[in-house]
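A look at the structure
In case you want the letters, here they are:
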Protein chains: 2
Amino acid sequence: MTLTNPRSRRDGDPVATEVLARARSLVQPALNAATSRLSPELRIALDHHLAGGGKYVRAGLALLSATAAGGDEQVGVVGAVAMELVHNYSLIHDDIIDGDVERRHRRTLWAEFGVGPAIIVGDAMSILAFQLLLEDPTDARVRAAGLLGEATQAMITGQAEDMASELRSSLSVEECLRMEAGKTGALLSCSASIGAVLAEAPTSMVDALADYGSHLGVAFQAVDDVLGIWGESSVTGKPVGSDLRQHKKSLPISIATERGVDVYGSLASPFGQDLTEKEVAGALALLEECGARQETMAIGATHLRLALEALDQAPLASGPRRELAAIASFVIERDQ
Amino acid sequence: MTLTNPRSRRDGDPVATEVLARARSLVQPALNAATSRLSPELRIALDHHLAGGGKYVRAGLALLSATAAGGDEQVGVVGAVAMELVHNYSLIHDDIIDGDVERRHRRTLWAEFGVGPAIIVGDAMSILAFQLLLEDPTDARVRAAGLLGEATQAMITGQAEDMASELRSSLSVEECLRMEAGKTGALLSCSASIGAVLAEAPTSMVDALADYGSHLGVAFQAVDDVLGIWGESSVTGKPVGSDLRQHKKSLPISIATERGVDVYGSLASPFGQDLTEKEVAGALALLEECGARQETMAIGATHLRLALEALDQAPLASGPRRELAAIASFVIERDQ
């Protein structure tokens, strides 16, 4: 399994595409039913955000997690909805924090409706996720809610480390990986295991699926970091060099730093001022020359391999196991 | 039971003062232990917020709720910590939304550390509340977590209605009361019943305590609305006429509207521009003349009476019942 260049457009693996389409068709109605319980004021803003789409990767993982553990797909739906709620709440709050005005080629919720509504909508979504799991509190759902709480807190810790890193000149590769494991890995790990928890699978199976999701998260984030710097606007929905303009401490930057290349130190424009095209091009060249892009992709490939190996650590049902592997490749080779 | 003028300074009821001091001494260490699990980046900002103090009313209610139901005070501690976490998260997010730079005579978290950290700290606190209740998931704690989810969502709905009201010229008294029951009543109702849930009290007792808290919330909010308009800066920690400057649709404004007095329509300065001292004085006079202040206090008194009557609907332990009554009076007659 190798990583393709994320800049090249692909149609995606047919297995993964089918799994995600099925996840969407099962989970979207349940997600709509859940959010219809929120106040009308919040729904207008939330619908604007959800209309942007989303790939239902976390929903797909949650459903496969249930079937991989021998459970019925339906058992995983409440977990899938909870994961999509928490994921989307985190996107909505992240966009405020990062000052991003565009996502999925649409204006972000805060840019369209204001910071206050965006804060409140996110708050409502995160609480709703716990409400859904706790309103019919079987032992399995209570365990799932506990898992979701831990994962969400780990994600928040990762976000906090990410924010704190803005005040630092650099992060080590190790610090960066830890931060990204929290920011992205925790929720993917929870998505990949919550279905098994709901299906009352043994701990060893839940743990193997959680490991798969955790490594997938790091691999995903590595690709995201590459896209954040080299991704084309038409593909990412963000301006080229987006992360550079924000002086983000992502994996390629940490790798460059450890190789003696101070990317942000090389910029003439001070932080907060928009970079010139020439500065962006210069920074991209520096990163490319020291091999930071290639090394980031290599780290991604390693964690993709570890994710796939984790699937072999438990007696998962073979069909869902193949689909989990397909999802992993899809997530890594995504181009948008 | 009559309401005193909230502008007059009082030393507070000795019973209530003692209950809240005991709540603080029991709950503050547990709250610190809980927040010590958050990442160091978040704790610095959170400690700034918590150092402002707080009255531990919700903690006190949660503990009394346990003992009123015949349980041990210790049984209520985890509920008390959860309530204080959710209450403080809501204050932190509210301050961003309202653009308030001062609370408890200190700079608000967002004003001191930025909007991003304030969002994240609030998120971490709300999730932590659920984690605490779910990490040792007895039936009672799971029920408590479910109750907390519903109450937090009701609070968020109230906040959303409050925000949406900014775009409207007026709210009816009924709409305003409903919004305030959500914004303030839901969390006080949960605080006043969560201890009984944790003590495994019968539903009728839990419901009576929830009713008490709910009415207390409306009464509290009525006083808060009066303080928001007439409260002195030295007492409220906010500028005089604070709510008027923000064109807030609080109870006195709704009452005035129903009496044919358009307070905000009478202002020369457009919304967003700071009011002159003369405009504030004129608006205060208009509200006073139409009896809006007096009627708001009367509504507060009615709900205080209903709160006290709710305590008679269940066979509560007599000591805690008296203390709950004392807390109600304290909350209403507070001057800061």
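My aim in this report is to walk through the structure given alongside it, one point at a time. (Residues numbered from 1 in each chain as written. Chains lettered and ligands numbered in written order. Predicted model: local features only at pLDDT ≥ 70, side-chain atom pairs only at ≥ 80, totals over all residues. Heavy atoms only, no water.)

Once that is clear, we can look at the packing of aromatic side chains. Going through the model one piece at a time under the given rule, you end up with 1 aromatic pair over all chains. Their ring planes at 15 degrees and their centres at 5.1 Å tell us that Phe130(A) and Phe130(B) sit as a pair that is stacked. In this pair, Phe130(A) sits in helix α6 (residues 115-134) while Phe130(B) sits in helix α6 (residues 115-134), so the two residues belong to two different chains. Judged by its relative accessible area of 0%, Phe130(B) is buried. The cationic tip of Arg293(B) hangs over the ring face of Trp230(B); the distance from NZ or CZ to the ring centre is 5.7 Å. (Phe/Tyr/Trp six-rings, centres within 6.5 Å; stacked < 30°, edge-to-face > 60°. Helix = DSSP H or I, 4+ residues; strand = E, 2+ residues; numbered from the N terminus. Buried < 20%, exposed > 50% of the residue type's maximum accessible area, 1.4 Å probe, protein only. Lys NZ or Arg CZ within 6 Å of the ring centre and 35° of its normal.)

It is worth spelling out helix α8 (residues 173-198) of chain A at this point. Residue and element names in this part refer to chain A. With 26 residues, α8 should reach 38 Å at 1.5 Å per residue; the first-to-last C-alpha distance of 35 Å fits that figure. Where α8 bends most, the angle comes to about 45 degrees, and this point is glycine 185. Burial runs high along α8: 21 of the 26 residues are buried. Looking one or two places after α8, you find glutamate 200, whose phi comes out positive at around 60 degrees. (Expected span 1.5 Å × (residues − 1). Bend = angle between axes of the 7 residues up to and from the residue.)

We now examine the interface of chain A and chain B. Every contact between the two is made by 35 residues of chain A and, on the other side, 35 residues of chain B. Taken together, the two surfaces of chain A and chain B that pack against each other cover about 2,800 Å², and 78% of this comes from carbon and sulfur. If you sort the residues of chain A by the area they bury against chain B, Ile120(A), Ile127(A) and Gln153(A) come out on top, with a joint share of 20%. The interface formed by chain A and chain B holds 0 salt bridges in total. Along the contact surface separating chain A from chain B lie 7 residue pairs in polar contact (both at pLDDT 80 or more). When contributions to the side of chain A that touches chain B are tallied by element, the ones reaching two or more residues are α2 (40-50), α4 (73-98), α6 and α7 (139-165) of chain A. With 14 residues, the single largest contributor to the side of chain A that touches chain B is α7(A). Residues belonging to the side of chain A that touches chain B are distributed by class as follows: 21 nonpolar, 10 polar and 4 charged. (Contact = heavy atoms within 4.5 Å. Buried area = accessible area lost by both parts, 1.4 Å probe. Salt bridge = Lys/Arg side-chain N within 4 Å of Asp/Glu carboxyl O. Polar contact = N/O pair within 3.5 Å; in protein donor to acceptor, adjacent residues only side chain to side chain. Nonpolar A, V, L, I, M, F, W, Y, C, P; charged D, E, K, R; others polar.)

What follows deals with the pattern of salt bridges. As enumerated under the stated definition, the model contains 32 salt bridges over all chains in all. Between Glu112(A) and Arg107(A) there is a salt bridge, with the nearest N and O atoms lying 3.1 Å from each other. Arg107(A) gets classed as partly exposed once you look at its relative accessible area, which sits at 46%. When the shortest N-O distance is used, the salt bridge between Arg22(B) and Glu18(B) registers 3.4 Å. Of the two residues, Arg22(B) and Glu18(B) both sit in helix α1 (residues 14-35), 4 residues apart, roughly one turn of that helix.

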